[in-house]
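# What the coordinates show
What follows is each chain in one-letter form.
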Amino acid sequence: MRDAYIDRLVEIVGERRCLWRPHQVKAYACDGYTAEEGLPRAVVFPESTDEVARICRYLYENDIPYLPRGAGTGLSGGATPTGGEVVISLARMNKLLAVDFDNLRAVVQPGLVNLTLTRRVSHADCYYAPDPSSQSVCTIGGNFAENAGGSHCLKYGVTTNHVVAAKVVLPDGDVIDVGAPFGDAPGYDLLGLLVGSEGTLGIATEITVRILKKPQALRTALAYFDRVADASDTVTDIIGAGIIPAAIEMMDQLAMQAVDKSNYHVGYPTDIEAVLLIEVDGLAAGVDEVMARVVEICRRHRVREVRVAQSDAERALWWSSRKMAFGAMGRISPDYIVQDGVIPRTRLTEVLRKIDEVSRRYGLKIANVFHAGDGNLHPLILYDSRVPGEAERAVRAGSEVLRACVDAGGSITGEHGVGIEKIGEMAYMFSEDEIHAQRAVKSCFDPKGIVNAGKLIPLPGRCVEVKRAREIIEENWQILNSFPDQAAVQARGAFAQEAGAETSTSAQG
Amino acid sequence: MVNEPTAVAAKGSDFRFPDAPEEEKYSVCVHCGFCLEVCPTYQAWGDENHSPRGRVYLIKACAEGELPLDESVIDPVFTCLDCRACETVCPSGVQVGALVEEARGQVFYARDAEGKRDPVMRFFLRGVFPRPARLRVIRRLMRFYQKSGLQKLARSTGVLRVLPPQVREMEDVIPEIGRGPAIDVLPETIAPQGERKATAALFTGCVMDVFFSDVNEATARVLVRNGVEVRVPKDQICCGALQVHAGDRDMAREMAKRNIEVFERAGADYVAINAAGCGAALKEYPELFRDDPAWRDRAVQFSSRVRDISQLLVEVGFDPPKAELPMAVTYHDACHLCHAQKIRYEPRSLLKSVPGLTLCEMPDSDRCCGSAGIYNLTHPEMANELLERKMDDVPEGVDAIVMGNPGCMMQIRLGVKRRNQPLRVMHTVEVLDLAYQREGSR
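Just so you know, these numbers come straight off a predicted model, no measurement behind them.

Our next topic: the overall build of chain A. Scanning chain A for helices and strands turns up 18 helices and 18 strands. Here chain A has a C-alpha radius of gyration of 22 Å; the compact-globule value for 509 residues is 23 Å, and the two agree. With respect to the principal axes defined by its C-alpha atoms, chain A has extents near 70 × 60 × 45 Å. Within chain A, buried positions represent 54% of all 509 residues. By sequence separation, contacts in chain A at least 24 residues apart represent 73% of the contacts at least 6 residues apart.

Quick look at the overall build of chain B now. Each helix and strand in chain B was counted, giving 25 helices and nine strands. The C-alpha atoms of chain B give a radius of gyration of 22 Å, which matches the 22 Å a tight globule of 442 residues would have. Along the first, second and third principal axes, the C-alpha atoms of chain B reach 70 × 50 × 45 Å. When burial is assessed residue by residue, chain B has 52% of its 442 residues classed as buried. Considering only residue pairs separated by 6 or more positions, chain B has 77% of its internal contacts joining residues 24 or more positions apart.

All names here are of chain B. Partitioning chain B into domains gives domain 1 (23-113) and domain 2 (319-440). A C-alpha centroid distance of 28 Å is found between domain 1 and domain 2. Listed as interface residues are 12 residues of domain 1 and, on the opposing side, 13 residues of domain 2. Those elements giving two or more residues to the side of domain 1 that touches domain 2 turn out to be helix 2 (40-45) and helix 5 (85-89).

The next thing to look at is the packing of helix 1 (residues 4-13) of chain A against helix 2 (residues 49-61) of chain A. Two packed helices can be described by the angle between their axes and the distance between those axes. Residue and element names in this part refer to chain A. Where helix 1 meets helix 2, the closest approach of the two axes is 10 Å, and the angle between their N-to-C directions is 165°. On the basis of their axis angle, the class for helix 1 and helix 2 is roughly antiparallel. Of the two possible hands of crossing, helix 1 and helix 2 adopt the one that is right-handed. Contacts between helix 1 and helix 2 pair Arg-8, Leu-9, Ile-12 and Val-13 from the former with Glu-51, Arg-54, Ile-55 and Tyr-58 from the latter. Residues belonging to the contact of helix 1 with helix 2 are distributed by class as follows: five nonpolar, no polar and three charged.

A word on the interface of chain B and chain A. Each partner contributes to the interface: chain B provides 24 residues, whereas chain A provides 32 residues. Per element, the largest residue contribution to the side of chain B that touches chain A is four residues, and it comes from helix 3 (residues 52-63) of chain B. For the side of chain B that touches chain A, a count of residues per class yields 12 nonpolar, nine polar and three charged.

Membership of the largest hydrophobic core comes to 276 residues, with the highest contact counts inside it found for Ala-223, Val-275, Leu-276 and Cys-405 of chain A together with Ala-272 of chain B. Residue contacts for Ala-272 of chain B: discarding those within four places in its chain leaves Ala-200, Ala-201, Leu-202, Phe-203, Thr-219, Leu-223, Arg-307, Ile-309 and Leu-312 of chain B.

All names here are of chain A. Contact pair helix 7 (residues 228-240) / helix 9 (residues 284-300): the axes reach a minimum separation of 9 Å and the direction vectors enclose 140°. One finds that helix 7 runs oblique with respect to helix 9. Both helix 7 and helix 9 take part in a crossing whose hand is right-handed. Seen from helix 7, the contacting residues are Thr-234, Asp-237 and Ile-238; seen from helix 9, they are Val-294, Ile-297 and Cys-298. A breakdown of the residues in the contact of helix 7 with helix 9 according to their chemical character gives four nonpolar, one polar and one charged.

Residues and elements named next belong to chain A. You can see Glu-206 is positioned in strand 10 (residues 203-210). Once the C-alpha coordinates of Glu-206 and Leu-117 are considered, the two residues, 89 residues apart in sequence, prove to be 14 Å apart. Setting aside anything within four residues of it in sequence, one finds Glu-206 in contact with Thr-49, Leu-97, Val-107, Gln-109, Ala-166 and Lys-167.

Time to look at unusual backbone geometry. Non-glycine residue Asp-63 of chain A carries a positive phi angle of around 55°. Along the polypeptide, Asp-63 of chain A turns up in the loop between helix 2 and strand 3 (66-69).

A separate point is the sheet that holds strand 9 (residues 424-427) of chain B. One key point about sheets: their strands pair by backbone hydrogen bonds, in either a parallel or an antiparallel sense. All names here are of chain B. Sheet architecture is open: four strands sit in the order 7-6-8-9, paired in parallel fashion. The open sheet terminates on both sides in strands that have one partner only, identified here as strand 7 (357-359) and strand 9. Shown here is a sheet whose adjacent strand axes are inclined to one another by a mean of 35°, direction ignored. When strand 6 (residues 327-331) meets strand 8 (residues 400-403), the two strands line up parallel, connected through three bridges. When the bridges of strand 8 are listed, Val-329 appears paired with Ala-400.

Moving on: the confidence of the model for chain A. Summarising the model, chain A shows a mean pLDDT of 90, and 90% of its residues fall at 70 or more. Here residues 462-466 of chain A is a poorly scored stretch, pLDDT under 50, and it has nine contacts once near neighbours within four places are set aside; other chains count.

For the rest of this paragraph, the subject is the pairing of strand 3 of chain A. All names here are of chain A. Neither face of strand 3 is exposed, since Tyr-66 and Pro-68 on one face and Leu-67 and Arg-69 on the opposite face are all buried. With four bridges joining them, strand 3 and strand 4 (residues 86-89) adopt parallel strand pairing. Opposite Leu-67, over in strand 4, you have Val-87 as the bridge partner.

Size of an interface: often given as the accessible area lost when the parts come together. All names here are of chain A. When its domains are assigned, chain A resolves into domain 1 (4-89), domain 2 (96-213), domain 3 (217-328) and domain 4 (334-503). On the domain 3 side, the residues contacting the five residues of domain 2 number eight residues. Along the lines of polarity and charge, the residues of the side of domain 2 that touches domain 3 split into one nonpolar, three polar and one charged.

Residue and element names in this part refer to chain A. Within strand 18 (residues 379-383), five of the five residues are buried, which leaves it mostly tucked inside the rest of the structure. Burial of strand 18 is two-sided: the residues Pro-379, Ile-381 and Tyr-383 facing one way and the residues Leu-380 and Leu-382 facing the other way are all buried. Taken together, the four bridges between strand 16 (residues 335-338) and strand 18 define a ladder with antiparallel strand orientation. Considered in strand 18, the bridge of Tyr-336 is made with Leu-382. When strand 17 (residues 366-371) meets strand 18, the two strands line up antiparallel, connected through three bridges. Across the sheet, the residue bridging to Asn-368 is Pro-379, located in strand 18.

Rules and cut-offs
Per chain, the residues get numbers from 1 upward, laid out in the order the sequence is written. Here every chain gets a letter starting at A, and every ligand a number starting at 1, in the order they are written. pLDDT decides what is reported in this predicted model: residues at 70 or higher carry local features, side-chain atom pairs at 80 or more are listed and counted, and totals for whole chains, interfaces and linings draw on all residues regardless. Secondary structure is summarised from DSSP: a helix means a run of H or I of at least four residues, a strand means a run of E of at least two, and numbering begins at the N terminus for each. Within these notes, the globule rule equals 2.2 Å times the number of residues to the 0.38 power, and the radius of gyration is based on C-alpha atoms. Around each residue's C-beta, the other C-beta atoms within 10 Å are counted; 20 or more make the residue buried, 12 or fewer make it exposed, and counts in between make it partly exposed. All C-beta atoms are placed from the backbone. Here the contact rule is simple: place C-beta atoms from the backbone, and any two residues whose C-beta atoms are within 7 Å are in contact. Domains are outlined according to an automatic or database domain assignment. Axis geometry follows a simple rule: fit a line to the C-alpha atoms, using only the stretch in contact for helices, then measure angles between N-to-C directions, giving values from 0 to 180 degrees. For classification purposes, an angle smaller than 35 degrees is called roughly parallel, one larger than 145 roughly antiparallel, one from 65 to 115 roughly perpendicular, and anything else oblique. By convention the crossing between two helices is left-handed if the near helix lies anticlockwise of the far one by an angle smaller than a right angle, and right-handed if it lies clockwise. Residue classes follow a fixed rule: Ala, Val, Leu, Ile, Met, Phe, Trp, Tyr, Cys and Pro count as nonpolar, while Asp, Glu, Lys and Arg count as charged, and any other residue, Gly among them, counts as polar. Here, a nonpolar core means buried Ala, Val, Leu, Ile, Met, Phe, Trp, Tyr and Cys residues linked by C-beta atoms lying within 7 Å of one another. For two strands to be treated as a pair, DSSP must find no fewer than two bridges joining them. What pLDDT conveys is the predictor's confidence in a given residue, as a value from 0 to 100.

Shown next as structure tokens:
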């Protein structure tokens, strides 16, 4: 009763590592982005590069669409099978293959969990720097695909700054090595192209990353502000003072309420607008002085209270509270969409006001949690999928928020990727020619257009997402007209590039 | 009793029986996936179906009529160890354990209605554990088996080879069965030493009192030593945790009612329990009476008095032992203590109070050892893998592994036996009791 292609997949990986009965694959209908779902035609669990290559070769030859998946914690639907794809789960390829402590390099399989790498090298005082909030579960392969960021990317850079080489299975099953463990690989920067390609150009099966020595010392402070504008100015002034903190994170009142209801209770005051979590690291001799300057800047901006963590436990709790914020939304809402817009830091207050305005207009609560230091916003749009029409409204509200970011000179994504969620906004951010150039790259790697198709780059004509995007634009045309400076909107390409120079640490590599 | 499908069930849902997984429980999950890496089955297989998030998603799909109640839901719901590690990390507070137990209830009722009962399972769930008299007989038979030389004979003739390997191995690590169960041996009331600080009714449990009645006696001694009057209600029965885990919620409800009545009559300030699994089940009695307000109130009252022995000692205040007990121990967090009851600090503070004792923490002390009720018998492969990992984590040079649950004690005894290590497996309260006994011998 099962199709011949399933037999072939079973031949490659064995009966136990292939799910194909419709009810068995249901759990793979979506990733961390739940607003859209689709059933895969099968899920396979390869354990080696060779198996991945054989699976890809077979599927590609037979025109069967497929996509890779890590832990499925992505927030833009990059691993959602919208076209009946075969899902290639890399969860079982989770080995740490080699570590070179002297040269600070590690070679990992894609399914290795981000934090597990840090745990496995911490005995030598080393760690892996990119730290998405989901680091305790997300995989390095998934980080590679999404060019994931994290709280400490303000100082240390995003995934692309830490991946130096990779073994990649191309869409047709050929295996190539890209990048160089040491130095710069001559020729085109294929590695740079692949990192952040969201599984549309190939599957990395061995990834060589930098590991870093842990900083000698750190200091972490929590600062409560009555007004969000003061918090925002504080961030600008800290960086303006030439201090490069390891991280500066902000949460608004609604986000604080959600986490304070969870296992990660800090006890934030209920009448403040914003909390900043600021960390500085470096040589033991300097951190106290730097932290003193940070505290001083907070005071200058009417901080209500600022505290420096007195123990590792206290620091860990503050960080958990921040990192668990998305997951804690279940405490105040059954569903949410998280946006990932980037803006020039100086326009934070203004954009937050716009987000608040969108929230009122759509009648949906929006909580804000973000990497304030690099202007990477994460508005969490709360909705209830059981209320008819509310999911669609949330998607539209999200879309407006992103446009506000682009209009302020920023970008639609800092670290979560485009996936299916933001594909409509690609047409807003880029011209048709620019998208065409991207498509040309995609077709070099995947001329059949069947590998994670419909993600990241809108496909011409046949792509439903583009149609939907057009519909949204048409529906909201009035709003676009209402923007004060239409010329600025049209010139956004050039504008975004300029502003991008400043925000490049968090923008796509 | 066969349950009738209820008309109350959601339209199109394949959960057709009363007491189904509740929408307010599964709708809390936002699918963030932060639970994946702490789930023992996901760690082993990397399959979303066998992860907490996956299970909740499938339960939701079944409740909403998107999936039938077939193997796609049943298998994942039964591979769950019910260890609750996911609940510790979940930022949204999803009650995965309760959802899984309720889903198992649906499976149990559905099989009952279809006449597809598992006779062996049913015999144990309904015929043995809820019946103290039969438990006593089993206990006596086992003691006879050990003492009479039958055990030696059985082992030497190889007749045990007819048993499944997992059961055979378990036979090997059954502790020496003491003279009688604590419920019979202990007097109905034991006066405290010194000033009476509180009264506690001792819950003796089924497995604990069959295999580890010494631990129950030690519990009573330690409470008395710390000024707690101990009462031993003689007509109490097994807590019903195994029934809840297997989905037999009707039986569990009957057992809960009996215990609630018995302990109401005992009238003590606290209900003291030394088995983590039972403690969690007793504290969760209200879950069983969602649709029965009168019993629910009584269950809430009852549960509010339940304390794990370590919790109770810290709460009423305990005397640190005065005698030295020079030994190095490591502590294993039983899932139903640390994840289900959030008790981590109390047992450690008891251990640290013992002069001369060194506590060496093991990595991932709160990872399941694979015992998980009867999981080690139903899913031996997974249970063995977890046991191996647990044994790998035991620090070198310790004299004992200490924990607060009889299921874990049996499982870890098996691990020790396999590795042939000179390690004792002890209950937290046994360590304290040992230290107190040394005071007398000074």
